[in-house]
Amino acid sequence: MRFLSALKNDIRFQVKYGFYFLYAFFSAVYIGVLAMVPPAYRDAVAAIVILTDPAMLGIFFIGGIWLLERREGLHRFWCVSPLRPVEYVLSKAVSLAVLSTVSADLIALVSLGRGVHLAGLSLGVFAGAVVLNLIGLTVASRARSVNHYLTVVILPLTALTTPPVLTAFGFSHPLLEMVPSTALWRAIAGPIGLAQGAGGWLWGVLALWFGLALVWADRCVGDALRAEGGEGR
């Protein structure tokens, strides 16, 4: 199956360039930080850490992966690859989401103990990370360099970061609840006991954004790959 082969190759690429080491390093740092947080505040801080580190860090890493592949000339071989754009973007998004999920689970288990609903946390982080990774890859496909990517990603990253932070501090508005990162925060807060489960609407929001982000990424990344690799399809 093409998708599974692509997924394996992406994992090898991430291991080769040290993305697993970086996630392990950041996870260890945040576990150390959480160990110094008073128990009364640890759940809240852990939820924000899991949102901003393992989950949303993928937006930066997926941009780096895209630009590394471009620098190595891998996109020039797109015209002879059997992989379709949708399979390419899903492989990238899923492979990093798996890494984000493992990191989030490790942080939660070490810092918060056995009170964590691990299955719920894993599912929520994975689903939210896939959506955010798709958004990051779409933005990266329009970037010309690392510096350019870091510039153009600021606006979408701010738009994704602000709503869950406001929600975490008690601000509530229906529009905030429609942002995928807010749904991700609630998917994190529920399983660690910080808040009650948000119900089925949370998964509906993530499913809606997954569909929109996938279509958008498929189109933008496909155009970029064809431009770099030639019109071979």
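Just above, that's the structure.
Residues numbered from 1 in each chain as written. Predicted model: local features only at pLDDT ≥ 70, side-chain atom pairs only at ≥ 80, totals over all residues. Heavy atoms only, no water.

So, the pattern of salt bridges
Within this structure, the stated rule accounts for six salt bridges. In this structure, Arg 2 and Glu 87 form a salt bridge, with 3.0 Å as the shortest nitrogen-oxygen distance. Within this pair, whereas Arg 2 is found in helix H1 (residues 2-16), its partner Glu 87 is found in helix H5 (residues 85-112), the two being separated by 85 residues in sequence. The exposure class assigned to Arg 2 is partly exposed, which follows from its relative accessible area of 37%. (Salt bridge = Lys/Arg side-chain N within 4 Å of Asp/Glu carboxyl O. Helix = DSSP H or I, 4+ residues; strand = E, 2+ residues; numbered from the N terminus. Buried < 20%, exposed > 50% of the residue type's maximum accessible area, 1.4 Å probe, protein only.)

Structural notes on the packing of aromatic side chains
On inspection of all chains with the given rule, the structure shows five aromatic pairs. Here the aromatic residues Phe 19, Tyr 23 and Phe 61 are joined through ring pairs into a cluster of three or more. (Phe/Tyr/Trp six-rings, centres within 6.5 Å; stacked < 30°, edge-to-face > 60°.)

A look at the packing of H1 against helix H4 (residues 57-71)
Between H1 and H4, the least distance of the axes is 12 Å, while the angle of their chain directions is 90°. What the angle tells us is that H1 and H4 run roughly perpendicular. Across the interface between the two elements, Asp 10, Phe 13 and Gln 14 from H1 touch Ile 65, Leu 68 and Glu 69 from H4. Of the residues in the contact of H1 with H4, the class split is three nonpolar, one polar and two charged. (Axes fitted to C-alpha atoms, helices over the stretch in contact; angles between N-to-C directions. Parallel < 35°, antiparallel > 145°, perpendicular 65-115°, else oblique. Contact = heavy atoms within 4.5 Å. Nonpolar A, V, L, I, M, F, W, Y, C, P; charged D, E, K, R; others polar.)

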